[in-house]
Amino acid sequence: MTVNVPADAVRRAAMPVLVALSAAHFLNDMIQSLIPAVYPIIKTAYALDFGQIGIITLTFQISASLLQPLIGLYTDRYPLPYSTVAGMGFTLVGLVGLAYAGSYALLLLAAACVGIGSSIFHPEATRMARKASGGRHGFAQGLFQVGGQAGGAIGPLLAAFIIVPNGQASLAWFSAAALLAMPLLGWTAGHHALSTPARKASHASEETPAPGLRQVAFPLAILIALLCSKTAYTASFTSFYTFYLIERFEVSVQTSQVMLFLFLVSSAAGVLFGGMLGDRIGRSKIIWFSILGALPFTLMLPHVGLVWTGVLTVIINLIMSSAFAAILVYAIELMPNRIGLIGGFFYGLVFGLGGLAAAALGLFADRYGIDTIYQVCAFLPAFGLLAWFLPSLRGARVS
């Protein structure tokens, strides 16, 4: 059974909600991106080694990852749209803490607060984006993630032109972003009623038994392995790319931040492209291309000069960033009655794996050098071959 709601009417009604969610995601991830963006500053100010830098990332991302599946599981039964506002409050506290931390321990505590804010924000925002999709699930997740990717990309620029000249305390100026996001999230929560038609339709779908865990365990395991390879490679850039550029090419901190921005901003185009194309040709094809397709470029990266390093990193991230929307929507289609759980688990997995990878790569860099990271990580996209084993989903294509 289907609910006879005109598609154009649903899309027109839902688009303001999707845009608002994307804007809130932009502000949320912009704040988060300031953590790795200021690593060169705090490394000098606190006399940290690469291992301690990796532990900051680990603290932030583990705090973000552990709570997200639990919050998603709870909100599957008891939706809490206004919880996103509370999550932004945690982010605000963490941001101010990072600005005025007087010790390494306080840096870790502040990073953990930002992570907790993220863990509250993502599961419920993912659900609202799904409900507001009007059936275009890949497009909706892509648009939602464009905000996050763009916000994450602008952090290095803000660090280069605002924080580096004005010091660590200038982080507190970005409290305005959190204060702006709070009423925006309150507005989207108030419009959560737009999901009512989709919710009624989901009750009809619940009459058909959902797939059992045994049926979805194998494809979920493949998706997790693919996400591991993508996240570990991305973590090598978010935490250590600026150091790589400074050490190998002797560029300034500001130049390295601009190049990190170019790497990250390419994600915005890739994630939207992957989501929209996945609606047309199927998720598994996008997943296959977005992981394995980057392999030739990652293998070339450690052996080229500065200009080609910039070019290749943009190409690599443009390809690899198209994976996440497809992976997330594919996983939701495996378990359509557990949107919050899947959203929380996969966002949490990204944060957790990213933190573990950053910590491990930091220790690896201390022992073997920063150049060796990119020589070893170059082979990670080969995990894309696992996409061959993903079953085709009839619901993965929207006509």
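Caption draft 1: Quick peek at the side chain of S229. Of note, S229 is situated in helix α9 (residues 213-249). With relative accessibility at 3%, the residue S229 sits in the buried group. A polar contact of 2.8 Å, which involves the side chain of S229, links it to the backbone oxygen of L226. Other than its neighbours up to four places away in sequence, S229 contacts I291, L380 and F383.

Caption draft 2: Quick peek at the confidence of the model for the protein chain. Model confidence for the protein chain is summarised by a mean pLDDT of 82, while 89% of its residues fall at 70 or above. When the elements of the protein chain are averaged for pLDDT, helix α8 (residues 196-206) gives the smallest value, 42, and helix α12 (residues 295-300) the largest, 96. Within the model, pLDDT remains below 50 along residues 395-399, and this stretch shows 15 contacts once partners closer than five positions in the same chain are excluded.

Caption draft 3: Examining the pattern of salt bridges more closely. This structure, assessed with the given rule, holds two salt bridges. Ionic pairing is found between R127 and D76, a salt bridge with its closest N-O pair at 3.2 Å. With R127 in helix α5 (residues 104-131) and D76 in helix α3 (residues 50-77), the pair connects residues that are 51 residues apart, well separated along the chain. Residue E124 is joined to R127 by a salt bridge in which the shortest nitrogen-to-oxygen separation is 3.4 Å. Of this pair, E124 and R127 both sit in helix α5, three residues apart, roughly one helical turn. With a relative accessible area of 0%, E124 lands in the buried category.

Caption draft 4: Expanded view of the nonpolar core. Among the nonpolar cores identified, the biggest contains 108 residues, and L223, Y241, I287 and F346 are the most heavily contacted of them. In terms of residues, this core owes the most to one element, α9, which gives 16 residues. Filtering out sequence-adjacent residues up to four positions away, L223 remains in contact with I287, I327, Y330, A331, L334, F346 and L390.

Caption draft 5: Expanded view of helix α16 (residues 370-377). When we look at burial in α16, the residues that qualify are I370, I373, Y374 and C377. Seen end-on, α16 carries its buried residues on one side only, within an arc spanning 85°.

Caption draft 6: Up close: the packing of aromatic side chains. One pass over the structure, following the stated rule, counts 14 aromatic pairs. Relative to W388, the ring of W288 lies with its centre 6.0 Å away and its plane at 55°, an arrangement referred to as tilted. In this pair, W288 is assigned in helix α11 (residues 283-292) and W388 in the segment after α16, connecting sequence segments 100 residues apart. In this structure W288 comes out as partly exposed when scored by relative accessible area, which is 31%. Seen in terms of ring centroids, F364 and Y368 are 4.8 Å apart; in terms of plane orientation they differ by 45°. Their pairing is tilted. With F364 and Y368 both in helix α15 (residues 339-368), this residue pair falls four residues apart, about one helical turn. Judged by its relative accessible area of 25%, F364 falls in the partly exposed class. Against the face of F50 rests K43, its NZ or CZ located 4.9 Å from the ring centre.

Basis of the calculations
Residues numbered from 1 in each chain as written. Predicted model: local features only at pLDDT ≥ 70, side-chain atom pairs only at ≥ 80, totals over all residues. Heavy atoms only, no water. Helix = DSSP H or I, 4+ residues; strand = E, 2+ residues; numbered from the N terminus. Buried < 20%, exposed > 50% of the residue type's maximum accessible area, 1.4 Å probe, protein only. Polar contact = N/O pair within 3.5 Å; in protein donor to acceptor, adjacent residues only side chain to side chain. Contact = heavy atoms within 4.5 Å. pLDDT = per-residue confidence, 0-100. Salt bridge = Lys/Arg side-chain N within 4 Å of Asp/Glu carboxyl O. Core = buried A, V, L, I, M, F, W, Y, C linked by side-chain atoms within 4.5 Å. Arc of directions from axis to C-beta. Phe/Tyr/Trp six-rings, centres within 6.5 Å; stacked < 30°, edge-to-face > 60°. Lys NZ or Arg CZ within 6 Å of the ring centre and 35° of its normal.

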